[in-house]
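# Descriptive analysis of the structure
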Amino acid sequence: MKNILRLTLNGRLREDLVPDNMLLLDYLREAVGLTGTKQGCDGGECGACTVLVDDRPRLACSTLAHQVAGKKVETVESLSTHGTLSKLQAAFHEKLGTQCGFCTPGMLMASEALLRKNPDPSREEIKTALAGNLCRCTGYVKIIESVETAAAARLCEEGAK
């Protein structure tokens with residue numbers, strides 16, 4: 001059976017006819033064409049599919065699309081503005097937080113959620129926020145440094161305003 005799904009996706013209102021059993025991951029990738037959200041493990045264990053739902057990290061591989069009806073959903077595509085990298089994306093690039101890049105969208109979205117909630121997190125708070133996101137290419141040092149760099153850049157920007 002299909003029903004209309006209404007939500008705000010990356011700042012835009014959407015209405016789509018969606019099967020009741022469609023996962024949010026499949027909706028984003030197949031129905032909408034936003035392929036930044038990655039399918040990693042299919043079991044909610046790797047975090048590659050992390051998106052923000054009402055500013056909180058959520059695994060798209062274990063969420064039905066209809067569960068986000070009426071909510072604000074943000075994918076990694078929402079982070080850049082007019083082709084310009086966000087402070088967080090730029091920090092991942094600058095500090096080599098991106099290795100093969102497969103886990104990066106989930107890492108970015110989990111980090112974004114943290115920085116919105118806590119603009120100046122400690123290293124331990126960053127580790128805790130990223131605990132549900134696995135990277136097979138690195139020891140997480142560069143990822144943590146990337147989040148620290150982004151936090152500092154955001155704080156500096158806020159201080160200049």
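The present account deals with the structure reproduced in this document. Within any chain, residue numbers begin from 1 and follow the written order of that chain's sequence. In view of the model being predicted, local features appear only for residues whose pLDDT reaches at least 70, and side-chain atom pairs are presented and counted only at 80 or more, with totals across whole chains, interfaces and linings using the full set of residues. For side-chain calculations, the full set of non-hydrogen atoms in the structure is used, while hydrogens and water are omitted.

### Points about the environment of Gly83
Helix and strand assignments follow DSSP, with helices taken as H or I runs no shorter than four residues and strands as E runs no shorter than two, numbered in order from the N terminus. Inspection of the secondary structure assignment puts Gly83 in the loop between β5 (72-74) and α2 (87-94). Taking the C-alpha atoms as reference points, Gly83 and Ala69, separated by 14 residues in sequence, lie 28 Å from one another.

### Observations concerning the sheet that holds β5
Two strands qualify as a pair provided DSSP detects at least 2 bridges between them. In space, the five strands of this open sheet follow the order β2-β1-β5-β3-β4, with mixed pairing throughout. The two strands at the open ends of the sheet, each matched to only one other strand, are β2 (12-19) and β4 (56-59). In this sheet, neighbouring strand axes are inclined to one another by 45° on average, regardless of whether the strands run parallel or antiparallel. Note: strand β3 (residues 50-53) against β5, two bridges, orientation antiparallel. Within β5, the residue paired with Leu52 across the bridge is Glu74. Across the face of the sheet, helix α1 (residues 24-32) comes into contact with β1 (2-9), β2 and β3 while running at roughly 85° to β1. Axis lines are fitted to C-alpha atoms, over the contacting stretch for helices. Their N-to-C directions set the angle, which ranges from 0 to 180 degrees. Only heavy atoms matter for contacts: two residues are in contact if any of them lie within 4.5 Å across the pair.

### Details of the pattern of salt bridges
Any carboxyl oxygen of Asp or Glu that lies within 4 Å of a side-chain nitrogen of Lys or Arg is treated as forming a salt bridge with it. For the coordinates displayed, the defined rule picks out 12 salt bridges. A salt bridge links Asp16 to Arg14; the nearest nitrogen and oxygen atoms lie 2.9 Å apart. For the exposure calls, accessible area comes from a 1.4 Å probe over protein chains only, and a residue counts as buried if that area is under 20% of its type's maximum, exposed if over 50%, partly exposed in between. Taking the relative accessible area as the measure of exposure, Asp16 reaches 18% and is therefore buried. Residue classification places Arg14 among the partly exposed positions, given a relative accessible area of 26%.

### A few points about the packing of helix α3 (residues 104-117) against helix α5 (residues 141-160)
The packing of two helices is summarised by the inter-axis angle and the distance between the axes. Axis separation between α3 and α5 bottoms out at 11 Å; the angle between their running directions is 40°. The angle between α3 and α5 falls in the class oblique. Relative to α5, the crossing made by α3 is right-handed. Taking contact as the criterion, the partners of Met107, Ser111, Glu112, Leu114, Leu115 and Arg116 in α3 are, on α5, Ile143, Val147, Ala150, Ala151 and Arg154. In the scheme used here, Gly and all other residues not listed as nonpolar or charged are polar, with Ala, Val, Leu, Ile, Met, Phe, Trp, Tyr, Cys and Pro taken as nonpolar and Asp, Glu, Lys and Arg as charged. Of the residues contributing to the contact of α3 with α5, the split by class is seven nonpolar, one polar and three charged. For classification, angles of less than 35 degrees are called roughly parallel, those exceeding 145 degrees roughly antiparallel, those between 65 and 115 degrees roughly perpendicular, and all remaining angles oblique. For a crossing to be left-handed, the near helix must be turned anticlockwise from the far one by less than a right angle; the clockwise case is right-handed.

### Re α1
Of the residues making up α1, those classed as buried are Leu24, Leu25, Tyr27 and Leu28. Contacts made by the buried residues of α1 are with β1, β2 and β3. Gly33 occupies a position one or two residues after α1 and carries a positive phi of about 85°.

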